[in-house]
Each structure stands twice: as C-alpha cells, then as structure tokens.
Amino acid sequence: MKKQFFSWMAFFGCLLATAPLFAQQYVFDKKIPLPGDGGYDYLSIDVVNNHLFVSHGTSVNVIDLATEKPVGSIDGMQGVHGIAVVNDVNKGFITDGKANAVVVFDLKTFKVIKTIALSSKDADAIAYDPSSEKVFAFNGDGKNTCVIDPRTLTEIKAISLDGSPEFGVPDGKGLLYNNIEDLNVVKVIDTKTLTVKATWPLAPCGGPTGLALDITDGRLFTGCRTNKGLSILDCQSGKVISTLPIGAGVDAVVYDEADKLIFVSCGDATATIIKQESPDSYKVIQTLTTQPRAKTMALDKKTKKIYFSAPQFEPGTRKIIPGTFAVYVYKPA
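Residues numbered from 1 in each chain as written. Predicted model: local features only at pLDDT ≥ 70, side-chain atom pairs only at ≥ 80, totals over all residues. Heavy atoms only, no water.

A. Fine view of the overall build of the chain. Broken down by element type, the chain carries one helix and 28 strands. Taken over C-alpha atoms, the radius of gyration comes to 20 Å for the chain, in line with the 20 Å a tight globule of 333 residues would show. Each principal axis of the C-alpha atoms in the chain carries an extent, and together these give about 80 × 45 × 40 Å. Across the chain, the fraction of contacts at a sequence separation of at least 24, relative to all contacts at a separation of at least 6, is 42%. Carbon and sulfur atoms make up 56% of the accessible area of the chain, which totals about 14,200 Å². Averaging the locations of the 35 positively and 35 negatively charged side chains of the chain gives two centres separated by 4 Å. (Helix = DSSP H or I, 4+ residues; strand = E, 2+ residues; numbered from the N terminus. Rg over C-alpha atoms; globule rule 2.2 N^0.38 Å. Contact = heavy atoms within 4.5 Å. Areas by Shrake-Rupley, 256 points an atom, 1.4 Å probe, with all protein chains shown as cover. Lys, Arg positive; Asp, Glu negative; His and termini not counted. Charge placed at Lys NZ, Arg CZ, Asp CG, Glu CD.)

Laid out in structure tokens, this is it:
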C-alpha cells in the first residue's frame with residue numbers, strides 16, 4: 001500500500017511539474033470576418049473601452065472584445081498603417097501613409113475629429129508616450145518621427161532618425177525606443193527634449209521591425225527579418241544579451257509582463273512564443289501555426305487571447321481572394 005501511495009504521489013508530482021507548460025500552449029479559437037479587400041498592417045487595443053482596432057486598406061475596423069464582433073469603422077483614408085490610443089483625451093490617432101497625415105477620431109463614437117497634415121512622408125508606425133503626453137508618428141520615407149500634441153492636435157516637431165523607422169515603444173519614464181530597419185540599429189529618443197539620446201547597433205540582428213519592452217527588468221525585444229531572430233537588449237547599456245530563432249517575415253512583437261511571455265508574429269504563418277525565465281534567460285516554448293502573411297498581432301492581456309489579421313491568397317501568389325479578410329483569434333489551451 002505504501003508503495004502504491006508513493007507511485008500516486010510521483011504521478012501527481014509530474015502533473016504539477018508540467019502544468020505551467022500546458023497552460024502556455026496556444027490553440028485556434030475563432031475567425032472574425034471583416035468587410036473589404038484592401039491591405040492591412042497594425043492592430044491595436046483600447047483597454048479602457050475594450051475595443052480592437054484593425055488597420056485595413058482605407059479604413060480601420062473596430063471589434064468589441066467582449067462579443068468579438070465588429071461594431072464600427074473609421075473610413076475615408078488613403079492607406080492606413082498604425083493606430084495609437086490616448087484615453088486621457090478620448091482620442092485615437094491613425095497614420096494615413098499615402099496621405100502623409102494622422103487622422104484623429106473619437107474613441108467612443110469612432111467619428112473623425114481632424115486630419116493632421118504632417119511635414120514628412122510615408123507615416124507608418126505610431127506610438128503614444130504617457131510621460132511627455134505626446135504622440136509619435138514614424139515616417140519611413142521621411143526617415144524621421146513627427147511629434148503631435150494630442151490636446152492641440154498639431155505637429156510640434158519632426159525629429160531626424162537618419163534611417164527608415166519601424167515600430168517604437170515608450171518606457172513611460174521619458175524614453176522611447178525605435179527600430180531603424182535599414183540601419184540595423186535602435187534609436188533612443190528623449191521624449192522630454194525631443195532629441196535622439198543614443199543609437200544602439202543590433203548585430204547580429206538585421207532588418208529590425210517589431211519591438212516590445214519589459215519595463216520592470218529593463219529588457220528590449222526586437223524582431224529581425226534578415227537573420228530570423230529575436231534579439232534581447234539591456235536597456236541600460238544597449239548591449240545585445242542573446243538572440244533566439246523565430247520565423248520569416250517578422251512584423252510584430254508583444255510582451256506579457258504578467259506571464260513573462262514574448263509573442264513574435266511572422267508572415268510565414270508562424271508565431272514564436274518565448275518564455276522569459278529570467279531577465280537574461282529565454283526559451284522558445286511554442287511555434288504556433290497561424291495564417292499565411294498574418295504578420296501583425298495584438299494581445300488582450302485580460303483574456304490572454306492573441307488576434308492576427310490576414311486575408312486569404314490565391315495559391316502561390318500575393319493576390320488577395322476577395323471577401324476573405326478576417327481576424328484570427330488564438331487562446332491558451
């Protein structure tokens with residue numbers, strides 16, 4: 001009897017030891033069809049109003065995260081890229097790259113308030129820095145970032161970045177980190193003085209795009225296309241600590257500080273999920289199969305669901321099959 005008791009104890013011990021690993025595995029949940037056949041880029045979540053914003057051609061689709069159904073759209077733009085949410089002023093900011101503008105809308109009614117003409121070209125990524133209370137629109141062809149005051153709805157300065165910026169992320173303490181894709185560096189922007197404070201080389205990383213930040217431990221996570229790697233940087237020194245393998249065509253990186261997980265979405269129909277075991281130790285725990293060219297994503301940190309956007313394509317081509325654009329939802333198993 002004693003032997004049997006210890007056998008059962010060993011069995012339950014194994015279950016407990018493996019439970020966290022199973023809890024971190026993701027599976028497909030549902031598909032949310034959306035109208036329209038245009039291009040697509042970033043997704044963004046308004047935590048306060050529980051809405052998911054999905055860039056889509058000349059519009060931004062809005063999904064209610066409680067029902068996971070479309071509830072509206074912001075229309076009439078020329079080429080949407082990113083969406084920044086500023087709850088303090090109840091406004092959202094959309095980069096309209098083809099119009100060289102930022103479109104401002106009401107977060108509750110989705111009505112357009114103003115279109116801000118930028119002094120630069122090819123507005124792409126966009127981020128709000130709560131420390132300086134400024135919005136930063138990053139311009140690919142302009143090789144700079146235009147700084148916008150979300151209260152006066154005016155551009156107040158353009159900061160030169162020397163190369164083509166991709167995504168930027170603020171630390172909430174006065175710094176904003178920005179990937180420069182063609183230079184393989186990170187630019188550190190002082191959001192108080194509106195100047196570039198430092199430039200950090202990313203070797204062996206090449207072609208950096210998606211970016212996320214662990215504020216508590218001071219670690220920056222940058223996804224790189226050239227070497228198919230996720231590089232981890234020390235935010236104090238700017239040094240690359242380690243680089244982990246990911247898929248091809250990375251475009252977004254998200255960090256969940258509660259579960260210490262890093263999500264990396266790639267255009268090759270994969271998303272790499274990485275466990276942060278310590279600030280300097282990381283392990284790939286799942287390569288999630290997603291959808292072809294589902295390169296961007298958003299994480300709902302309350303439900304832990306991941307949202308990817310993509311249409312379907314004609315086999316062997318980049319031609320979109322009309323009427324197939326959707327948001328694909330994945331959840332913890």
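Additional details are given in the paragraphs that follow.
B. Geometry of the sheet that holds strand β18 (residues 208–214). The strand order across the open sheet built from four strands is β18-β19-β20-β21, with neighbouring strands paired in antiparallel fashion. Among the strands making up the open sheet, the edge pair consists of β18 and β21 (240–245). Strand-to-strand, the axes of this sheet are offset by a mean angle of 20 degrees, without reference to chain direction. Pairing of β18 with strand β19 (residues 219–224), which is carried by five bridges, proceeds in the antiparallel orientation. (Pairing = 2+ DSSP bridges. Axes fitted to C-alpha atoms, helices over the stretch in contact; angles between N-to-C directions.)

C. Examining the sheet that holds strand β2 (residues 40–46) more closely. On the basis of which strands lie adjacent, the open sheet formed by four strands has the order β2-β3-β4-β5 and antiparallel pairing. For this open sheet the edge positions go to β2 and β5 (69–74), each flanked by a neighbour on one side alone. Averaged over all adjacent pairs, the angle separating strand axes in this sheet is 25 degrees, with direction ignored. Where strand β4 (residues 59–64) lies against β5, five bridges are found, and the strand directions are antiparallel. Counterpart to Val60 in the pairing with β5 is Ile74.

D. The side chain of Asp190, seen in detail. Within the element layout of this structure, Asp190 appears in strand β16 (residues 185–190). We note that Asp190 is buried and unpaired, the nearest opposite charge coming from Lys197 at a distance of 5.6 Å. What Asp190 contacts, discounting residues up to four positions off in sequence, is Gly174, Leu175, Thr195 and Lys197. (Buried < 20%, exposed > 50% of the residue type's maximum accessible area, 1.4 Å probe, protein only. Salt bridge = Lys/Arg side-chain N within 4 Å of Asp/Glu carboxyl O.)

E. Molecular detail of the layout of surface pockets. Computed from the structure, the largest pocket encloses a volume of approximately 1,200 Å³. The wall of the largest pocket is formed by 38 residues, among which Ser44, Ile45, Phe167, Val169 and Lys301 lie closest to the centre. Residue composition of the lining of the largest pocket, grouped by class: 26 nonpolar, seven polar and five charged. Roughly 330 Å³ of volume is contained in the second largest pocket. Around the second largest pocket sit 17 residues that line it, and Gly39, Tyr40, Asp41, Lys295 and Arg318 are the ones nearest its centre. Counting only elements with at least two residues in the lining of the second largest pocket, the list comes to β2 and β6 (80–86). The residue makeup of the lining of the second largest pocket, split by class, is four nonpolar, seven polar and six charged. (1 Å grid on protein atoms, 1.4 Å probe; cavity = no way out; pocket = protein on both sides within 12 Å on 5 of 7 lines; lining within 4 Å. Points joined across faces, edges and corners; volume = space filled by probe spheres on them. Nonpolar A, V, L, I, M, F, W, Y, C, P; charged D, E, K, R; others polar.)

F. Inspection of the state of the cysteines at higher detail. Evaluated as defined, the whole model comprises one disulfide. Summary of cysteine pairing: Cys235 is not part of a disulfide, and the nearest cysteine sulfur, belonging to Cys205, is at 14 Å. Considering cysteine sulfurs only, Cys224 is the nearest to Cys266, which forms no disulfide, with 11 Å between them. Residue class for Cys266 comes out buried when judged on its relative accessible area of 0%. (Disulfide = S-S within 2.5 Å.)

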